[in-house]
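Analysis of the macromolecular model
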Amino acid sequence: ERAPVRDGRDAAVATVAFDPAHRAATPAIDARAPTATDAKADNARAGRAATGWRPRAKPPRARPLKFEMDTTRREVASERTHALGARFAARVAWCCQEGCYPHKDHHVNQDACATWEAREMAHEEAVIDAEGNDAVERRETGRVLVGVFDGHGKHGEECAQIARATFAETLARETRGGAALRDGYARTFEAVNAVVCKEMGENASFSGSTAITALFDDEGVVRVGNVGDSRCVVGVERAAGVAVGNRHTRRWEVRDLTHDQTCFRADERARMKAEATSPMTFATIGMVLGETEAHEDFGDGEPGSDEEYCDDPPRVFMAGYRFPGCAFTRSIGDTVGKSLGVSATPEMSEFDLNAEPSTRCVVVASDGVFEFMSSAETMAIAEKFYEENMPGAAERAAHAIVRAAFSRWQEHDERADDITAVVTFIYPLDSDTSTATVVVNDMDDALNKLLL
């Protein structure tokens, strides 16, 4: 069966006017992700495996009649403030919008998103106290962790939900006992992959999820782990008159902390060839169908390049077959792809806020955002709301990024992917801004919703 490919971009699509202030149909949900402990009773009643995943929502009753954004099919985490040590505070919010597939029945949002606080990544360890006695000490892995999991395939929602439900607990386990944080953080992705593959069994053969998380600690360091083609981007404010290197932001320099893991990357193709245990080949669907000549001159697919927005990207196939057709090179699940070199080992990066104290924003988002928007365009939206510094600014920015991304899908395609954006605004605690930041969490919820 031919893998799905975007086509018919020139076809007329309906556009929809959207009120930026509209939130009546999108009530905020608890920003804390469901954990394995939370969901045991649910799983027992439903006869599901005991990993802790819970279905988000029932599929729509019918396929959409128009190509438009249905805000009733959205999850929102209202803005929360977190202290990142003595120098910085972070305001975090996210918006997770189900896509629109007019030609598909029963589509359900396969993106999953969560924010975990320090207490949810804590663990207890046996230690010797100052007097030489046995004691138990509670240790925290970080101050706040944000994550986006973008499912794909028939069972993509389940894969993403299991990954979300188990990630924080697994991270706490893998970093206990004095284990190096970077190594334990990386092992977490592989351990979560093992859980997904075990619990899903054969249903993970051609289904899986990307996974990207950003861990903020109390020393001002942001550690990012990435498996797949979601993205983490930072905005660093520069002095007036200093060039920022793009034409979209006013004063923010934009940097990608991740590198999309797709078959465009020659280094990833080389790694996969070395790690594959089954014969494999890289090709576009046109090549597989004999419509174009086979080659591996795919370009680099770098953000903003012509290749990044092509209709027929390179994919990995089992040699002689038309499956699995993975355009990504790393993922959670996808057991058939694993035999072809698709890896669950993350690429890791770090960003020190102390070295860049004028950092203003970190955005973590699924490829639904970046399919037709650049990192700089995305950060320009965030910059606008940061400068306004209104209550709920991070949540406003997350909504605006999702709306803008959906509009791009309407302009360029006949459907829209699921779209998720996590916005983290960073404020120095030694500035006047910090006062406004700390007050936000103490506002009455009703007043906050009215303002938004």
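Above this text sits the structure in question.
Below you will find a few notes about this structure. Treat the numbers as computed from the prediction; the structure is a model and nothing was measured. (Residues numbered from 1 in each chain as written. Predicted model: local features only at pLDDT ≥ 70, side-chain atom pairs only at ≥ 80, totals over all residues. Heavy atoms only, no water.)

1. Examining the overall build of the chain
Applied cut-off: Helix numbering and strand numbering both begin at the N terminus, where a helix is a DSSP run of H or I of at least 4 residues and a strand a DSSP run of E of at least 2. Three labels apply to residues, based on accessible area from a 1.4 Å probe with only protein chains included: buried if under 20% of the type maximum, exposed if over 50%, partly exposed otherwise in between. Residue contacts are defined here by distance: any two heavy atoms, one from each residue, within 4.5 Å place the two residues in contact. Calculation of accessible area relied on Shrake-Rupley with a 1.4 Å probe; when residues are assessed, cover is drawn exclusively from the protein chains displayed.
From N to C terminus, the chain includes 11 helices and 18 strands. The 452 residues of the chain split such that 55% are buried. Once local pairs closer than 6 in sequence are excluded, the contacts in the chain between residues at least 24 apart make up 73%. Working note: accessible area of the chain is about 19400 Å², and carbon and sulfur atoms make up 49% of it.

2. Considering the sheet that holds strand β14 (residues 324–326)
Using the following cut-off: Here a strand pair is declared whenever DSSP counts at least two bridges between the two strands. Orientation is described by axes fitted as lines to C-alpha atoms, over the contacting stretch for helices, and by angles from 0 to 180 degrees between their N-to-C directions.
As summarised here, the arrangement of the three strands in space is β12-β13-β14, forming an open sheet in which the pairing is antiparallel. Each edge of the open sheet carries a strand with a single partner, namely β12 (280–283) and β14. Strand after strand, the sheet turns through a mean of 25° between neighbouring axes, direction not considered. Sheet analysis places β12 next to strand β13 (residues 315–318), joined by four bridges and oriented antiparallel. Bridging across to β13, Met280 finds its partner in Met318. Across the sheet, helix α4 (residues 266–275) touches β12 and β13, and the angle it forms with β12 is around 160°.

3. With respect to the packing of helix α8 (residues 375–388) against helix α9 (residues 393–412)
Put simply, the rule reads: By definition, any crossing whose near helix is turned counterclockwise from its far helix by less than a right angle is left-handed, and any crossing with a clockwise turn is right-handed. Side-chain classes are defined by residue name, with Ala, Val, Leu, Ile, Met, Phe, Trp, Tyr, Cys and Pro counting as nonpolar, Asp, Glu, Lys and Arg as charged, and the others, Gly among them, as polar.
Closest axis-to-axis distance for the α8/α9 pair is 9 Å, and the angle between their directions is 145°. For the pair α8 and α9, the crossing hand works out as right-handed. Here α8 contributes Glu377, Thr378, Ile381, Ala382 and Phe385 to the contact with α9, which in turn contributes Ala393, Arg396, Ala397, Ala400, Ile401, Ala404 and Arg408. Classifying every residue of the contact of α8 with α9 gives eight nonpolar, one polar and three charged.

4. Comments concerning the sheet that holds strand β1 (residues 74–84)
Strand order in the open sheet made by the six strands is β1-β2-β18-β17-β10-β11, with antiparallel pairing throughout. A strand with exactly one partner marks an edge of an open sheet, and here the two such strands are β1 and β11 (252–256). For this sheet, the mean inter-axis angle between neighbouring strands, taken without regard to orientation, is 15°. With respect to the sheet, α9 is in contact with β1, β2 (88–97), β17 (359–365) and β18 (419–428), its orientation differing from that of β18 by roughly 145°.

5. A few points about the nonpolar core
Short version of the rule: To define a nonpolar core, start from buried Ala, Val, Leu, Ile, Met, Phe, Trp, Tyr and Cys residues and group those joined through side-chain atoms within 4.5 Å.
In this structure, Cys361, Val423 and Phe425 are the most contacted members of the largest nonpolar core, which totals 35 residues. At the level of secondary structure, the elements contributing two or more residues to this core comprise β2, β17, α7 (367–370), α8, α9 and β18. For this core, the element with the highest residue contribution is α9, accounting for 10 residues. Setting aside its immediate chain neighbours within four residues, Phe425 contacts Ala89, Ala90, Arg91, Trp252, Arg360, Cys361, Ala382, Phe385, Tyr386, Ala393, Ala394 and Ala397.

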